[in-house]
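# Examination of the molecular architecture
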Amino acid sequence: MSGLEDLYREIVLDHYKSPRNRGELEPPAVRAEGLNPLCGDEVVVFVDLDGDTVRDIRIGGQGCSISQSSASMMSAAVKGKTLAEIDELTHAFKALLTIHEHTHDGEETFDHPTVKLGELEALRGVVKFPTRIKCATLSWNTLAEAIGQALGGTAP
Ligand code: ZN
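Just so it is clear, the structure is predicted and the values come from calculations on it, not from any experiment.

## Details of the coordination of the zinc ion
For the zinc ion, the full set of protein donor atoms is Cys39 (SG), Asp41 (OD), Asp41 (OD), Cys64 (SG) and Cys135 (SG), and the range of their distances to it is 2.1 to 2.8 Å. Within one chain, the residues serving as donors to the zinc ion are arranged as C-x1-D-x22-C-x70-C. Of this pair, Asp41 sits in strand E2 (residues 41–50) while Cys64 sits in the loop between strand E3 (53–62) and helix H2 (65–78); the two residues are 23 residues apart in sequence, bridging distant segments of the chain. Pair check on accessibility: Asp41 and Cys64 agree, each one buried.

Shown next, in the form of structure tokens:
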């Protein structure tokens, strides 16, 4: 298990040190800003929609390693995806962060078997630190806000 935790730590650090899709997009791309005052995290999300597909995404902001690496992973995970796929990913990711690991026998079951989280699973360790869950979900909530704006103020 510690081998897996090391791998997860490596993935999170890699995204923190070399954030993906860093930068800005010009209008008509939309911009949304998310703040997590508990930790001082700021995430800015730029989204360019092509119909119901995220054609491009850029991330700005600053904050702790969890918030910034989560934003980087989120951007890599949703780029080129449809809004329906992103909706599934968002639910699966949030479900991952609400799994309670109190059982000692066997693996936890995961109720979104059709959604592959890939690297996003590296953030599951955050579950053990409830105050950091907001750091991990900040970029996803900001993405939802940006998509809502892109759709003309109506949430999907
Ligand atoms: Zn944070």
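## Let's talk about the pattern of salt bridges
Any two side chains of opposite charge can pair, on the condition that their charged atoms come close. Inspection of the entire model under this criterion finds eight salt bridges. Where Asp48 meets Arg55, a salt bridge forms, and the shortest distance between an N and an O atom there is 3.2 Å. Of the residues examined, Asp48 reaches a relative accessible area of 18% and is grouped as buried. The exposure class assigned to Arg55 is partly exposed, which follows from its relative accessible area of 47%. Glu121 is the partner of Arg124 in a salt bridge, and the nearest nitrogen-oxygen pair spans 3.4 Å. Three or more residues joined by partner-sharing salt bridges are found here, namely Asp56, Arg58 and Lys79.

## Thoughts on the nonpolar core
Counting 40 residues, the largest nonpolar core has Val45, Val47, Ile57, Phe93 and Leu143 as the members making the most contacts within it. Going through the elements one at a time, helix H1 (2–17), strand E1 (30–36), E2, E3, H2, helix H3 (83–96) and helix H4 (133–150) are the ones with two or more residues in this core. If we ignore the near neighbours within four places in the chain, the residues touching Phe93 are Ser70, Leu117, Leu120, Leu123, Ala136 and Trp140.

## Section: the pairing of E2
Among the 10 residues that make up E2, eight are buried, leaving the element largely enclosed by the rest of the structure. Two strands pair when backbone bridges link them, and E1 and E2 are joined in this way by seven bridges, in the antiparallel orientation. Across the sheet, the residue bridging to Asn36 is Asp41, located in E2. In this antiparallel pair of consecutive strands, E1 and E2, the connection spans four residues, and Gly40 shows a positive phi of 85°. Looking at chain direction, E2 and E3 are connected through nine bridges and run antiparallel. Paired with Asp50 across the two strands is Thr53, which belongs to E3. In this antiparallel pair of consecutive strands, E2 and E3, the connection spans two residues, and Gly51 shows a positive phi of 65°.

Definitions and limits used
- Residues numbered from 1 in each chain as written.
- Predicted model: local features only at pLDDT ≥ 70, side-chain atom pairs only at ≥ 80, totals over all residues.
- Heavy atoms only, no water.
- Donors = N, O, S within 2.8 Å, 3.2 Å for Na, K, Ca; no water.
- Helix = DSSP H or I, 4+ residues; strand = E, 2+ residues; numbered from the N terminus.
- Buried < 20%, exposed > 50% of the residue type's maximum accessible area, 1.4 Å probe, protein only.
- Salt bridge = Lys/Arg side-chain N within 4 Å of Asp/Glu carboxyl O.
- Core = buried A, V, L, I, M, F, W, Y, C linked by side-chain atoms within 4.5 Å.
- Contact = heavy atoms within 4.5 Å.
- Pairing = 2+ DSSP bridges.

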